[in-house]
Each structure stands twice: as C-alpha cells, then as structure tokens.
Amino acid sequence: MSVGPLDGQVAFVTGAARGQGRSHAVRLAKDGADIVALDICSPVSGSVVYPSATNDDLAATVELVEAQGRRILARAVDIRDLAATELLVNEAIEMFGRLDILIANAGVLSWGRLWELSEEQWDAVIDVNLSGTWRTLRAVVPAMIAAGNGGSIVIVSSATGLKATPGNGHYSASKHGLVGLTNALAIEAGEYGIRVNSIHPYSVDTPMVQAEAMADLFGRWPHYLHSFAPMPFRPLEATGEPRSADVLLPGEVSDVVAWLAGPGSATLSGSQIAVDRGVMKY
Ligand SMILES: NC(=O)c1ccc[n+]([C@@H]2O[C@H](COP(=O)([O-])OP(=O)(O)OC[C@H]3O[C@@H](n4cnc5c(N)ncnc54)[C@H](O)[C@@H]3O)[C@@H](O)[C@H]2O)c1
C-alpha cells in the first residue's frame with residue numbers, strides 16, 4: 001500500500017453515499033485516511049424533489065473506498081438526529097481510536113421565490129444544511145478534541161453562501177449560516193489544533209443539479225440568469241480545446257477538500273475557499 005499524506009488518519013464524511021461526498025471519501029482514502037461514511041440513504045422531505053440517495057449508493061462508496069486499500073465504517077444516519085450521529089461517532093472511535101478530519105458535506109436544495117416557499121421547503125433546507133451541520137459538529141468535534149491529534153474540518157457551503165442566488169434564497173441563507181459556524185468554530189477549536197474552513201463550490205455535476213427546475217426558473221424570470229453566469233476560466237482538455245461543460249466535476253472539488261484536509265493548507269483556518277473557476281468575480 002502506498003504512503004499518502006493522510007496515512008494513519010481517520011476522516012468522517014457526511015452525505016457520502018453519492019455525489020461530492022462519495023468523491024471526497026474515495027479521494028481521502030486514496031490519500032491514506034480510513035473513512036467514516038454517513039448518509040441518510042432515503043428521502044429527506046417531500047419538498048426535496050430530485051431522487052434520493054439509497055443504501056446501494058452507500059454500499060458502492062464502501063466498495064470504492066475499500067478498493068483504495070482503506071477501512072470504512074458506513075451507516076445510514078440522518079444528520080438531523082444528534083443521538084444517532086453521536087452513536088456513529090462512538091462506533092468510529094471504538095473502531096479506529098481517533099477522528100482527524102471532518103467533511104460536513106450533507107445538504108439538500110429546493111427552488112422557489114422566498115415569499116412563495118412552503119414552510120416545509122424552508123424547514124427542510126434549514127434543518128439539514130444549517131442545523132444538521134451544527135449537529136454534525138456537536139457530535140464530532142468533542143471526539144476530535146478528545147483524540148488529541150488536532151485536525152481539519154471542511155464545511156461544504158456553496159457559492160450561494162457568499163452571493164445571492166434568486167430562486168433559492170432559503171438555501172442561500174442556510175449556506176451563509178455555515179460561514180458563521182465555520183468562522184466561530186475556527187476560533188473555538190483552534191486552541192485544540194483543529195483548523196476549520198468552508199468551501200464554496202459553484203455548479204457541480206451531481207443529482208442535486210436539476211436542469212429542468214432551473215430552466216423553469218429562468219423561463220419565468222430571465223433576469224435571474226445574471227446570478228448564474230458561466231464560469232470564466234475553462235480548463236483545457238488534452239486536445240487543447242477548452243472544456244465545454246459548464247459544471248465542476250466532483251473530483252475537482254475533492255482536490256480542494258484533500259488539500260484542506262492535509263498538511264499543505266496548515267496555515268489556513270477560518271477561510272472561505274471559492275471553488276468556482278473565478279465566476280464570483282463577475
Ligand atoms: N451540486 C452543486 O452544484 C453544489 C454546489 C455547491 C454546493 N453544493 C453542496 O455540496 C454538498 C453535496 O451535494 P451534492 O452536489 O453531492 O448532491 P447530492 O444530492 O448528490 O449529495 C448530497 C448527499 O447528502 C445526503 N443527505 C442529504 N440530507 C441528509 C441528511 N439529513 N442526513 C444525511 N445525509 C443527507 C444525500 O442523501 C446525498 O447523498 C451539499 O451540501 C450541497 O449543498 C452542491
């Protein structure tokens with residue numbers, strides 16, 4: 001087995017059944033970490049209308065992590081359930097003896113103008129993205145402190161956590177809230193050698209991105225398109241052509257997550273890292 005920058009460390013990843021969370025779990029395993037993978041693996045709310053992750057998705061993550069030669073503890077847990085998340089943390093400590101890295105990635109999205117949202121839409125997005133992330137921190141941070149090895153926490157916000165996105169103001173509010181959590185925790189956990197940073201990806205190619213919902217939104221309010229500009233920097237493919245798709249790939253976000261988890265970012269805490277190919281500079 002090759003030696004990676006995270007050898008001997010243990011990473012707790014929420015929302016790990018698919019999408020970015022799975023990609024982060026596999027990438028951190030490739031870099032040497034054992035993995036604790038959590039996902040609800042079922043519908044979150046009737047107001048979240050894209051397909052849910054499943055137990056089979058989480059099982060696929062397990063296989064992919066094990067293929068990297070690392071151990072993984074995977075459980076179907078809802079981050080809105082503090083007691084269940086704490087149980088998983090206890091199980092992880094029994095199995096691995098430590099927790100070094102937390103990727104607080106689980107989240108949900110729905111669409112609608114602020115004054116037209118249902119209460120269920122508001123509650124689901126705030127309960128998962130903001131309160132659920134706090135519950136994740138509530139469960140994991142004491143175990144990281146007790147392990148005594150310091151560590152790195154990456155909180156997955158969004159471009160929407162730094163700028164306005166009309167059509168999902170509740171999601172934007174939840175992701176702005178994560179900036180407050182990140183920066184307060186950076187100070188509070190810093191004295192235990194734990195760094196805390198947030199990432200702010202723009203559009204990433206996962207099941208959360210609903211092309212139809214967005215097309216409907218822009219059809220009704222075309223001026224909202226200004227808030228969803230194409231990304232200015234386009235990486236060149238091997239052919240020398242700029243990449244045509246206007247989304248990030250999960251693995252590209254994982255590159256940033258792996259850097260934040262590892263020693264190369266040792267001087268960063270309380271930072272908001274845009275993962276947006278420069279689009280927020282418009
Ligand atoms: N896709 C994008 O364009 C984009 C852009 C910026 C930020 N994000 C954020 O990235 C993160 C990952 O999203 P993704 O794009 O991979 O979408 P995704 O829907 O593929 O993955 C999200 C995962 O979180 C899980 N999850 C949702 N609620 C949960 C809960 N209560 N408890 C446990 N697990 C739960 C889901 O089951 C799913 O597996 C989210 O926080 C999202 O808000 C996404």
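The preceding data block contains the structure.
Bear in mind that the values here come from a model prediction, so they are computed numbers and not experimental data.

Asks: Is there a simple way to explain the site of the ligand in this structure?
Replies: Around the ligand sit 32 residues, and of these Asp39, Asn105, Tyr171, Val204 and Thr206 come closest. Within the side chain of tyrosine 171, a nitrogen or oxygen atom sits 2.6 Å from an oxygen atom of the ligand. Coverage of the ligand by the protein amounts to 97% of the 820 Å² it exposes when considered alone. Of all the elements in the fold, those that place two or more residues in the shell around the ligand are helix H1 (19-30), strand E2 (34-39) and helix H5 (169-190). Class assignment of the residues belonging to the shell around the ligand gives a composition of 18 nonpolar, nine polar and five charged.

Asks: Would you mind going over the pairing of strand E6 (residues 194-201) with me for this structure?
Replies: Of all eight residues in E6, eight are buried, a share of seventy percent or more. Taking every second residue as pointing to the same face, both faces of E6 are buried, with Ile194, Val196, Ser198 and His200 on one and Arg195, Asn197, Ile199 and Pro201 on the other. Relative to E6, strand E5 (residues 151-156) is paired through six bridges, and the arrangement is parallel. Paired with serine 152 across the bridge in E6 is arginine 195. You can see the chain leave E5, run along H5 and come back into E6, and the turn it takes is right-handed. As judged from the four bridges shared by E6 and strand E7 (residues 272-275), these two strands associate in the parallel manner. Note that in E7 the partner of histidine 200 across the bridge is alanine 274.

Asks: Explain the sheet that holds strand E1 (residues 10-14) here, please?
Replies: Pairing between sheet strands relies on hydrogen bonds along the backbone, with the strands arranged either parallel or antiparallel. Spatially, seven strands are ordered E3-E2-E1-E4-E5-E6-E7 in an open sheet, and the strand pairing comes out parallel. A strand with exactly one partner marks an edge of an open sheet, and here the two such strands are strand E3 (72-76) and E7. Across the sheet, the axes of successive neighbouring strands diverge by a mean angle of 15°, strand direction being ignored. Those strands touched by H5 are E5, E6 and E7, and its axis lies near 165° from that of E6.

Asks: What is the right way to read the packing of H1 against helix H2 (residues 55-66) from this model?
Replies: The relative placement of two packed helices is expressed as an angle between their axes plus a distance between the axes. Interhelical geometry of H1 versus H2 gives an angle of 15° and a closest axis separation of 9 Å. Between H1 and H2, the crossing angle belongs to the class labelled roughly parallel. Between H1 and H2 lies a crossing whose hand is right-handed. Across from Arg22, Ala25, Val26 and Ala29 in H1, the residues of H2 making contact are Asp57, Ala60, Thr61, Leu64 and Val65. Taken together, the residues of the contact of H1 with H2 break down into six nonpolar, one polar and two charged.

Criteria and thresholds
Residues numbered from 1 in each chain as written. Predicted model: local features only at pLDDT ≥ 70, side-chain atom pairs only at ≥ 80, totals over all residues. Heavy atoms only, no water. Near = heavy atom within 4 Å. Polar contact = N/O pair within 3.5 Å; in protein donor to acceptor, adjacent residues only side chain to side chain. Areas by Shrake-Rupley, 256 points an atom, 1.4 Å probe, with all protein chains shown as cover. Helix = DSSP H or I, 4+ residues; strand = E, 2+ residues; numbered from the N terminus. Nonpolar A, V, L, I, M, F, W, Y, C, P; charged D, E, K, R; others polar. Buried < 20%, exposed > 50% of the residue type's maximum accessible area, 1.4 Å probe, protein only. Pairing = 2+ DSSP bridges. Right-handed = clockwise from strand over helix to strand, strands pointing away. Axes fitted to C-alpha atoms, helices over the stretch in contact; angles between N-to-C directions. Contact = heavy atoms within 4.5 Å. Parallel < 35°, antiparallel > 145°, perpendicular 65-115°, else oblique. Left-handed = near helix turned anticlockwise from the far one by under 90°.

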